[in-house]
Amino acid sequence: MQPDKIFYEPSALNYELGKILRNQYKDLPWIPIESHNNIPELRNSSNSEFAQMKRHLIIGVRKTHRYVPNYKSSDFLVPYTSSGCSAMCLYCYLVCHYNKCSYLRLFVNREQMLDKLMKTANKSDGDLTFEIGSNSDLVLENTITSNLEWTIENFGKNEKGFITFPTKFDNVDSLLNLNHRGRTIIRVSVNPQEIINKIELGTSSLRNRINALNKMCEAGYKVGLLIAPIVLIDNWKRLYAELITTLANELSEKTKKEILIEVIFMTYSYVQRAINNEAFPNATELYDQKLMTGRGMGKYFYRTPLRADAESFLKDEIGKQFDLSKIMYIV
Ligand code: SF4
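Residues numbered from 1 in each chain as written. Predicted model: local features only at pLDDT ≥ 70, side-chain atom pairs only at ≥ 80, totals over all residues. Heavy atoms only, no water.

Side note on the packing of helix H6 (residues 138–145) against helix H7 (residues 147–156)
Put simply, the test is: Every axis in this analysis is a line fitted to C-alpha atoms, fitted for helices over the stretch in contact. Angles between the N-to-C directions lie between 0 and 180 degrees. Helix and strand definitions here come from DSSP, where helices need a minimum of 4 consecutive H or I residues and strands a minimum of 2 consecutive E residues; each element is numbered from the N-terminal end. Angles below 35 degrees are treated as roughly parallel, those above 145 as roughly antiparallel, those between 65 and 115 as roughly perpendicular, and all remaining angles as oblique. Any pair of residues with heavy atoms lying within 4.5 Å of one another is described as a contacting pair. Just so you know the grouping, Ala, Val, Leu, Ile, Met, Phe, Trp, Tyr, Cys and Pro go in nonpolar, Asp, Glu, Lys and Arg go in charged, and all remaining residues, Gly too, go in polar.
At a closest axis distance of 6 Å, the pairing of H6 and H7 adopts a crossing angle of 105 degrees. Considered as vectors, H6 and H7 are oriented roughly perpendicular to each other. On the side of H6, the interface is formed by Leu138, Val139, Glu141, Asn142 and Thr145, while H7 contributes Asn147, Leu148 and Glu149. Class assignment for the residues of the contact of H6 with H7 results in 3 nonpolar, 3 polar and 2 charged.

Next up, the structure:
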């Protein structure tokens, strides 16, 4: 990501990472703000400026450190070093939280966040797993901050616990030689290339994501695969059958042995639709009244019969290539 300007909380410059970023982007305009949560100039922008706003970088100090219990691939969702993202997947769940202000925010008080993580892990009787990437894509963030390298090596010194994060990016080479000591789980999220092209704007190609997953597995990391989100556009059966065949052919034997698979259907919302229609008027329309239904809070889900058909189709296709016990869950 090459940002066009930086909005920053002045207190961020008291932290080591704040100083590094200040130097890294010294040639860009730096605009002081009171709070990363409320930048009136951006909040009052129109939806059509969404893509332009994604080029801004916001730098601040994270004040909220509340862990949320989770029952899928981790024990807790942990607020970590960033929220928001500079990519523009049309279904991005972060838009539900941050609306058009879902640009990338970096939090410079990483020592405080890692310290809490390690202490919580060590206090527990068993090994806890912490999802540190539920608010952003940490592999993308790492290309700016190197926070992932710093986190993986430091958390690797812990005697207990695991950290995990999903990604749609392939920039993993700087992670391969780290001393992770098996305490990091990277989960790569994939979709058919046609869906990546039309819907996951600004993310890595399918082939590169598969290569990244193989490389991380070879480097001794624990790995996982997300087939997510399942987007039921025209020809979805052909697209997902081809995707699963590609995965079977291109994932290494070691990766196939080690992964568990998470399958997540797309949800969509009134807010995402409003922004996409104005910001990307020529993009694929993800809302289809015939296929989707609203279920409160302006959220759309695939209708039950279609969802059931798709779930059974995906299980059959996955079952042709992988052991069905590899599926951790389908939601
Ligand atoms: Fe959102 Fe992830 Fe896409 Fe970034 S890569 S826009 S966080 S879905």
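Section: the site of the ligand
What counts here: Put simply, a residue is near a molecule or strand once any heavy atom of it comes within 4 Å of that molecule or strand.
Neighbouring the ligand are Cys85, Ala87, Met88, Cys89, Cys92, Leu94, Lys168 and Phe169. Of the residues that constitute the shell around the ligand, the class distribution is 7 nonpolar, no polar and 1 charged.

A word on the nonpolar core
Short version of the rule: For the purposes of this section, nonpolar cores are sets of buried Ala, Val, Leu, Ile, Met, Phe, Trp, Tyr and Cys residues that join through side-chain atoms within 4.5 Å. Each residue's exposure class comes from its accessible area (1.4 Å probe, protein chains only) as a fraction of the maximum for that residue type: buried when under 20%, exposed when over 50%, partly exposed otherwise.
In this structure, Leu117 and Ile227 are the most contacted members of the largest nonpolar core, which totals 87 residues. By residue number, the principal contributor to this core is helix H10 (residues 236–250), which donates 8 residues. If we skip the residues at most four places from it in the chain, isoleucine 227 touches Val190, Tyr240, Leu243, Ile244, Leu247, Ile261, Glu262, Val263, Ile264 and Ile318. Grouped together as the second largest cluster of nonpolar side chains are 15 residues, Ile6, Tyr8, Leu28 and Ile144 included.

Some remarks on the pairing of strand S14 (residues 261–265)
Regular strands show a simple pattern: their side chains alternate between the two faces of the sheet. Formally: In this analysis, strands are considered paired if DSSP registers two or more bridges between them.
With 4 of its 5 residues buried, S14 lies for the most part within the structure. The pairing of S14 with strand S18 (residues 327–330) spans 3 bridges and is parallel. Paired with glutamate 262 across the strands is tyrosine 329, a residue of S18.

Focus: the sheet that holds strand S1 (residues 5–8)
Taken together, 5 strands build an open sheet; the order of strands is S2-S1-S3-S8-S6 and the sheet is mixed. At either margin of the open sheet sits one strand with a lone partner, and together these are strand S2 (30–32) and strand S6 (82–83). In terms of strand pairing, S1 meets strand S3 (residues 56–60) through 4 bridges, oriented parallel. By the bridge assignment for S3, lysine 5 is matched with histidine 56. Helix-sheet contacts for H6 involve S3, S6 and strand S8 (104–107), and the interaxial angle to S8 is about 65 degrees.

A few points about the environment of cysteine 92
You can see cysteine 92 is positioned in the loop between strand S7 (88–89) and helix H4 (94–98). For the pair cysteine 92 and aspartate 288, spaced 196 residues apart in sequence, the C-alpha to C-alpha distance is 17 Å.

With respect to helix H12 (residues 270–279)
This is how the line gets drawn: Note that the arc is computed from the directions linking the helix axis to the C-beta atoms.
Residues of H12 that are buried include every one of Gln272, Ile275, Asn276 and Ala279, and no others. Here the buried residues of H12 occupy an arc of 95 degrees about the axis, which is enough to place them on one side. On the buried face of H12, the contacting elements are helix H3 (50–53), H4 and strand S15 (268–269).

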